[in-house]
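An overview of the molecular structure
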Amino acid sequence: MRHGEKLAPVAAVVSALSCMACCLPLGIAAAAGTAGLSLVLEPLRPYLMAVSGALILFGVWQLYRRGPSCQRRSRASVAIFWTCAAIVALMMAAPQIVANLLADLRLPFGQPALAAMDLAALRADFNRAADRTRLIVLLSPT
Amino acid sequence: MLPTDWQSPSGGVRARLQDSRARQYWDPHHLLALRLAADARDPQPKQACCLRNNVLWDLAVLYPPGAEWKDALPPATFFNGPVEKRKPELETALNLLDLPARNSSRAAFHQ
């Protein structure tokens, strides 16, 4: 009996949260979030994309296969779902393009894109600017 | 060099260098750092820091006009770090070259 008294309010909270989760597009937002995170965490991308895909499927289930507790499907939920689904699909199809677009927004004006180190090419650039002062700085990428 | 240095610099990191003359490179295998160490010789000053696992890092290197990279890098007039703490000395070295900073060609290498 005592256990029942303690568990009842907890069960009510869990029940309420479950009801809300059925109606809110939490899975969709999480899917978009993990897809975005995968652009930064390159090595984990396959796993994060798999999670994104699973969460999108969860979003489909929430929207179109939901239980009786959610009577109406809001337009906002549908719009959010398809927007997020499109973002996730774009990140899955062309992650580097999305990453470059985001990075280019913050790049200094007039600088060429980040280049992979090529000592021969660097030497050519170094000697091409031989009439000027040249400053090399070794920095952490973070 | 740091535990977090496992990917190329983001746009936000690259945006710290706003000079349009700068060229930024990603050097995960420390090719340039190894070359700088291999070609170091007199009269180039010896750095007071900046070695981790025998690889140079967090270092500023200044070359005067006329210096050419042939078989080896030319001796630098400034070769020291950490970069943040050596800014006044670096500015002095630039002034000694009697050239305004705006006439210099700059590069940054992330490793």
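Residues numbered from 1 in each chain as written. Chains lettered and ligands numbered in written order. Predicted model: local features only at pLDDT ≥ 70, side-chain atom pairs only at ≥ 80, totals over all residues.

**Here we look at the environment of Val83 of chain B**
Here is the rule we go by: Secondary structure elements follow DSSP: runs of H or I no shorter than four residues count as helices, runs of E no shorter than two count as strands, and numbering proceeds from the N terminus. By definition, residue pairs are in contact when their C-beta atoms, positioned from the backbone, come within 7 Å.
With respect to the secondary-structure elements, Val83 of chain B resides in the loop between β5 (78-80) and α3 (87-96). In sequence terms Val83 of chain B and Leu59 of chain B are 24 residues apart; their C-alpha atoms lie 5.6 Å from each other. With residues near it in sequence (within four places) discarded, Val83 of chain B still touches Val137 and Leu139 of chain A together with Asp58, Leu59 and Ala60 of chain B.

**With respect to the nonpolar core**
Soluble, globular proteins show a tendency: their nonpolar side chains are buried together. What counts is decided by this rule: Structurally, a nonpolar core is described as a collection of buried Ala, Val, Leu, Ile, Met, Phe, Trp, Tyr and Cys residues joined by way of C-beta atoms within 7 Å. Exposure classes come from backbone-placed C-beta atoms, where a residue is buried if 20 or more other C-beta atoms lie within 10 Å of its own, exposed if 12 or fewer do, and partly exposed in between.
Within the largest apolar cluster, 22 residues are counted, with the highest numbers of intra-cluster contacts made by Val61 and Leu62 of chain B. Those elements that place two or more of their residues in this core are β2 (134-139) of chain A together with α2 (31-39), β4 (59-63) and β5 of chain B. Other than its neighbours up to four places away in sequence, Val61 of chain B contacts Ile136 of chain A together with Leu36, Ala76, Phe78 and Phe79 of chain B. Counting residues in hydrophobic clusters, the runner-up holds 7 residues, among them Ile56, Phe81, Cys84 and Val88 of chain A.

**Considerations on unusual backbone geometry**
All names here are of chain B. With an omega dihedral of 5°, the bond running from Asp42 to Pro43 counts as a cis peptide bond. Along the chain, Pro43 turns up in the loop between α2 and β2 (51-52). One non-glycine residue, Asp58, adopts positive backbone phi at about 50°.

**Focus: the confidence of the model for chain A**
So the rule is basically this: A score between 0 and 100, pLDDT records how confident the predictor is in each residue.
Scored by pLDDT, chain A has a mean of 70; 55% of the residues are at 70 or more. Mean pLDDT in chain A bottoms out at helix α1 (residues 2-23) of chain A, which sits at 44, and peaks at helix α6 (residues 119-128) of chain A, which reaches 93.

**Here's the deal with the packing of helix α3 (residues 45-64) of chain A against helix α4 (residues 75-93) of chain A**
Residues and elements named next belong to chain A. Going by this rule: Axis lines are fitted through C-alpha atoms, for helices just across the contact stretch, and the angle between N-to-C directions can take any value from 0 to 180 degrees. Each angle gets one of four labels, with under 35 degrees taken as roughly parallel, over 145 as roughly antiparallel, 65 to 115 as roughly perpendicular, and the rest as oblique. Helix crossings get a hand from a simple test, with the near helix turned counterclockwise from the far one by less than a right angle marking a left-handed crossing and a clockwise turn marking a right-handed one. Under this grouping Gly is polar, as are all residues other than the nonpolar Ala, Val, Leu, Ile, Met, Phe, Trp, Tyr, Cys and Pro and the charged Asp, Glu, Lys and Arg.
Their axes nearest at 11 Å, the elements α3 and α4 cross at an angle of 160°. Here α3 is positioned roughly antiparallel relative to α4, judged by the angle of their axes. Two packed elements cross with a definite hand, and for α3 against α4 that hand is left-handed. Of the residues in α4, those touching α3 at Met49, Ser52, Ile56, Gly59 and Leu63 are Ser77, Val78, Phe81, Ala85, Val88 and Met92. Residue composition of the contact of α3 with α4, by class: 8 nonpolar, 3 polar and no charged.

**Some details on α3 of chain A**
Spacing of three or four residues puts side chains on the same side of an α-helix, whose turn is 3.6 residues. Residues and elements named next belong to chain A. This is how the line gets drawn: Given a helix with a known number of residues, its expected span is that number minus one, times 1.5 Å. For this quantity, the arc is that covered by the directions from the helix axis to the C-beta atoms.
Across its 20 residues, α3 extends 28 Å between first and last C-alpha, which sits within 8% of the 28 Å expected from 1.5 Å per residue. Taken together, the buried positions of α3 are Leu48, Ser52, Leu55, Ile56, Gly59, Gln62 and Leu63. Down the axis of α3, the buried side of the element spans an arc of 115°, and every buried residue falls inside it. When the buried face of α3 is taken as reference, the exposed residues oriented beyond 90 degrees from it are Pro46, Tyr47, Ala50, Leu57, Trp61 and Tyr64.

**Considering the pairing of β4 of chain B**
Under the convention used in this document: Criterion used throughout: strands pair if DSSP finds at least two bridges between them.
For β4 of chain B, a buried count of 5 out of 5 residues is recorded, marking the element as mostly surrounded by other parts of the structure. Along β4 of chain B, one buried face is formed by Leu59, Val61 and Tyr63 of chain B and the opposite face, lined by Ala60 and Leu62 of chain B, is buried too. Examined bridge by bridge, β2 of chain A and β4 of chain B share 5 bridges and lie antiparallel to one another. What sits directly across from Val137 of chain A, in β4 of chain B, is Ala60 of chain B.

**A look at the environment of Trp6 of chain B**
With respect to the helices, strands and loops of the structure, Trp6 of chain B is situated in the segment before α1 (11-14). Trp6 of chain B sits 22 residues away from Pro28 of chain B along the chain, and the two C-alpha atoms are 8.1 Å apart.

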